[in-house]
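Here's the letter readout for the chains.
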Amino acid sequence: MPDHTAKEEQFSQLEDVLQSPVVMLQLADSAATTLKVRQLLQASKRCCIITNTSTSNRKLKNIKTLYHSLATLNKLQQDFSHEDPLTNANLVGIYPSLDYPACVYELNTSADLYVSANILPYDHSNLARMIRNVVAKLLGANPAIGGLGLILSRE
């Protein structure tokens, strides 16, 4: 039980920004995450599944984590949309980290373009900037973000 309280305090700023309870995505056990989300949706009608994408100092490992996280969240988004058509599901990017969310924005919208151009770190190297843009186009999220979220709400 103390671990649960510590996690709630750790993501209290994110809960305030999102105005909904958060559930940490367990990549190894997405069924447990799904069960928690269903319980929260019954109780509060809104929640957010979050995952940390910057887990290492190694950029390739972070890109791999970003890919797996996006794939899992996209699958969950489809599952919840098919399960209940009244459930709205939107992917969000969180920058710079889940602990201190200075910017939370919906992916694949004009907000995503604005944040990528004006808020996320700027690479002075043309090669690094090009690689980041290619990765962002392939994955659907900028690799500079610190976390991802799937906001679910029931009408």
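Here the structure is a predicted model, which means the values were calculated and not measured. (Residues numbered from 1 in each chain as written. Predicted model: local features only at pLDDT ≥ 70, side-chain atom pairs only at ≥ 80, totals over all residues. Heavy atoms only, no water.)

Novice: So, the pattern of salt bridges: which residues are in play, and what are the values?
Specialist: Here the structure, examined in full by the defined rule, presents four salt bridges. The partner of Glu83 in a salt bridge is Arg38, and the shortest N-O contact between them spans 2.6 Å. Taken together, the residues span a long stretch of sequence, with Glu83 in helix H4 (residues 59–83) and Arg38 in helix H3 (residues 30–44) at a distance of 45 residues. For Glu83, a relative accessible area of 39% gives the class partly exposed. Here Arg38 falls in the partly exposed class, since its relative accessible area comes to 34%. Here Lys75 makes a salt bridge to Asp79, at a shortest N to O gap of 3.1 Å. With a gap of four residues between them, Lys75 and Asp79 both fall in helix H4, about one helical turn apart. Judged by its relative accessible area of 34%, Asp79 is partly exposed. (Salt bridge = Lys/Arg side-chain N within 4 Å of Asp/Glu carboxyl O. Helix = DSSP H or I, 4+ residues; strand = E, 2+ residues; numbered from the N terminus. Buried < 20%, exposed > 50% of the residue type's maximum accessible area, 1.4 Å probe, protein only.)

Novice: Go over the sheet that holds strand E2 (residues 46–52) with me, naming the residues and quoting the values.
Specialist: Read across the open sheet, the five strands follow the order E1-E2-E5-E3-E4; overall the sheet is mixed. Each edge of the open sheet carries a strand with a single partner, namely strand E1 (22–24) and strand E4 (101–106). Each strand of the sheet is rotated relative to its neighbour by a mean of 30°, with strand direction disregarded. Each of E1, E2 and strand E5 (147–154) touches H3; the most contacted strand, E2, lies at about 150° to it. (Pairing = 2+ DSSP bridges. Axes fitted to C-alpha atoms, helices over the stretch in contact; angles between N-to-C directions. Contact = heavy atoms within 4.5 Å.)

Novice: Hey, could you go over the environment of Asn62 for me, with residue numbers and the actual values?
Specialist: Mapping Asn62 onto the fold places it in helix H4. Residue classification places Asn62 among the buried residues on the basis of a relative accessible area of 14%. Counting along the chain gives 37 residues from Asn62 to Leu25, while the straight-line C-alpha distance between them is 16 Å. A distance of 3.1 Å separates the side chain of Asn62 from the backbone nitrogen of Thr55, its partner in a polar contact. (Polar contact = N/O pair within 3.5 Å; in protein donor to acceptor, adjacent residues only side chain to side chain.)

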